[in-house]
Amino acid sequence: MAAYDDDNIFAKILRGEIPCFKVYEDDDTFAFLDIMPRSNGHMLVIPKAKATDLTDIDPADLAGLMAVVQKLAPKLVAALGADGFMIQQFNGAGAGQTVFHLHIHIIPRWEGESLKPHGTTMADKDALAELAEKLKGAFSG
Ligand code: 5GP
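Here's what I pulled together on the structure shown here. Just so it is clear, the structure is predicted and the values come from calculations on it, not from any experiment. (Residues numbered from 1 in each chain as written. Predicted model: local features only at pLDDT ≥ 70, side-chain atom pairs only at ≥ 80, totals over all residues. Heavy atoms only, no water.)

## Side note on the sheet that holds strand β3 (residues 43–47)
(1) Moving on: Strands sit in the order β1-β2-β3-β5-β4 across an open sheet of five strands; the sheet is antiparallel. Either end of the sheet is taken by a strand with one partner, and the two such strands are β1 (22–25) and β4 (84–88). Strand-to-strand twist in this sheet, taken as the mean axis angle between neighbours without regard to direction, amounts to 20 degrees.
(2) Moving on: Sheet analysis places strand β2 (residues 29–33) next to β3, joined by five bridges and oriented antiparallel. By the bridge assignment, Thr29 is partnered in β3 with Pro47.
(3) Moving on: Strand contacts of helix α2 (residues 59–80): β1, β2, β3, β4 and β5 (104–109), with the helix running at about 20 degrees to β5, the strand carrying the most contacts.
(4) Moving on: Strand contacts of helix α3 (residues 125–140): β1, β2 and β3, with the helix running at about 25 degrees to β1, the strand carrying the most contacts. (Pairing = 2+ DSSP bridges. Helix = DSSP H or I, 4+ residues; strand = E, 2+ residues; numbered from the N terminus. Axes fitted to C-alpha atoms, helices over the stretch in contact; angles between N-to-C directions. Contact = heavy atoms within 4.5 Å.)

Spelled out as structure tokens, the structure:
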């Protein structure tokens, strides 16, 4: 496995060097909207700890990360009136990983609605901004 690259895009987002549509943050975890969503509300939950993928994180940090995923996912579903959610997580370029800072995709699903392809279509920025405000409210409750 390649060493963690401090210049990966999610490291820059964590340092506030590039913008994102943040929806949640605590001491160890950060969450923001995926800029090329597979469905409305597609979000990414990442650890603040430096980890390239699932194999590269301390088990205790992973447990904390997944506890946040478990907490936020049902709130996301409720806020958007979705029928459920899907978790996606890629490890290694050959498996489809494109950003090498561990991230958990939470993807809301609606019955009968197909997913858009992974990481292809940029969402409208105003729509993402509006959605982020709504979700921040939902997650703070
Ligand atoms: P993966 O590494 O699991 O294949 O996916 C990386 C994800 O990050 C993709 O779903 C892609 O749309 C998303 N992504 C890539 N660059 C950016 C970015 O600059 N900002 C945000 N918010 N998401 C990004």
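## Points about the site of the ligand
(1) Moving on: Of all residues adjacent to the ligand, which total 18 residues, the nearest are Asp34, Gly96, Thr98, His103 and His118.
(2) Moving on: For the ligand, an oxygen atom lies 2.5 Å from a polar atom in the side chain of Asp34.
(3) Moving on: Within the backbone of Ile35, an N or O atom sits 3.4 Å from a nitrogen atom of the ligand.
(4) Moving on: When the free accessible area of the ligand is taken as 520 Å², the share hidden by the protein chains comes to 91%.
(5) Moving on: Going through the elements one at a time, α1 (9–14) and β2 are the ones with two or more residues in the shell around the ligand.
(6) Moving on: Broken down by element, the residue count for the shell around the ligand peaks at three residues, all from α1.
(7) Moving on: When grouped by side-chain class, the residues that make up the shell around the ligand number ten nonpolar, seven polar and one charged. (Near = heavy atom within 4 Å. Polar contact = N/O pair within 3.5 Å; in protein donor to acceptor, adjacent residues only side chain to side chain. Areas by Shrake-Rupley, 256 points an atom, 1.4 Å probe, with all protein chains shown as cover. Nonpolar A, V, L, I, M, F, W, Y, C, P; charged D, E, K, R; others polar.)

## Describing the packing of aromatic side chains
(1) Moving on: Inspection of every chain in the model, using the stated rule, returns two aromatic pairs.
(2) Moving on: Taken together, a centroid distance of 5.2 Å and an interplanar angle of 80 degrees make the contact between Phe10 and Phe32 edge-to-face. One end of the pair, Phe10, is in helix α1; the other, Phe32, is in strand β2, and 22 residues separate them in sequence.
(3) Moving on: For Phe10, a relative accessible area of 7% corresponds to the buried category.
(4) Moving on: On the accessibility criterion, Phe32 (3% relative accessible area) is buried.
(5) Moving on: Relative to Phe32, the ring of Phe30 lies with its centre 5.9 Å away and its plane at 50 degrees, an arrangement referred to as tilted. (Phe/Tyr/Trp six-rings, centres within 6.5 Å; stacked < 30°, edge-to-face > 60°. Buried < 20%, exposed > 50% of the residue type's maximum accessible area, 1.4 Å probe, protein only.)

## Describing the nonpolar core
(1) Moving on: Judged by nonpolar contacts, the single largest core of 27 residues is most densely connected at Val23, Leu33, Met43, Val45, Leu135 and Phe139.
(2) Moving on: Going through the elements one at a time, β1, β2, β3, α2, β5 and α3 are the ones with two or more residues in this core.
(3) Moving on: If sequence neighbours within four positions are ignored, Leu33 has contacts with Phe21, Val23, Gly41, His42, Met43, Leu128, Leu131, Ala132 and Leu135.
(4) Moving on: Judged by nonpolar contacts, the second largest core, of seven residues, contains Phe10, Ile13, Phe32 and Val99. (Core = buried A, V, L, I, M, F, W, Y, C linked by side-chain atoms within 4.5 Å.)

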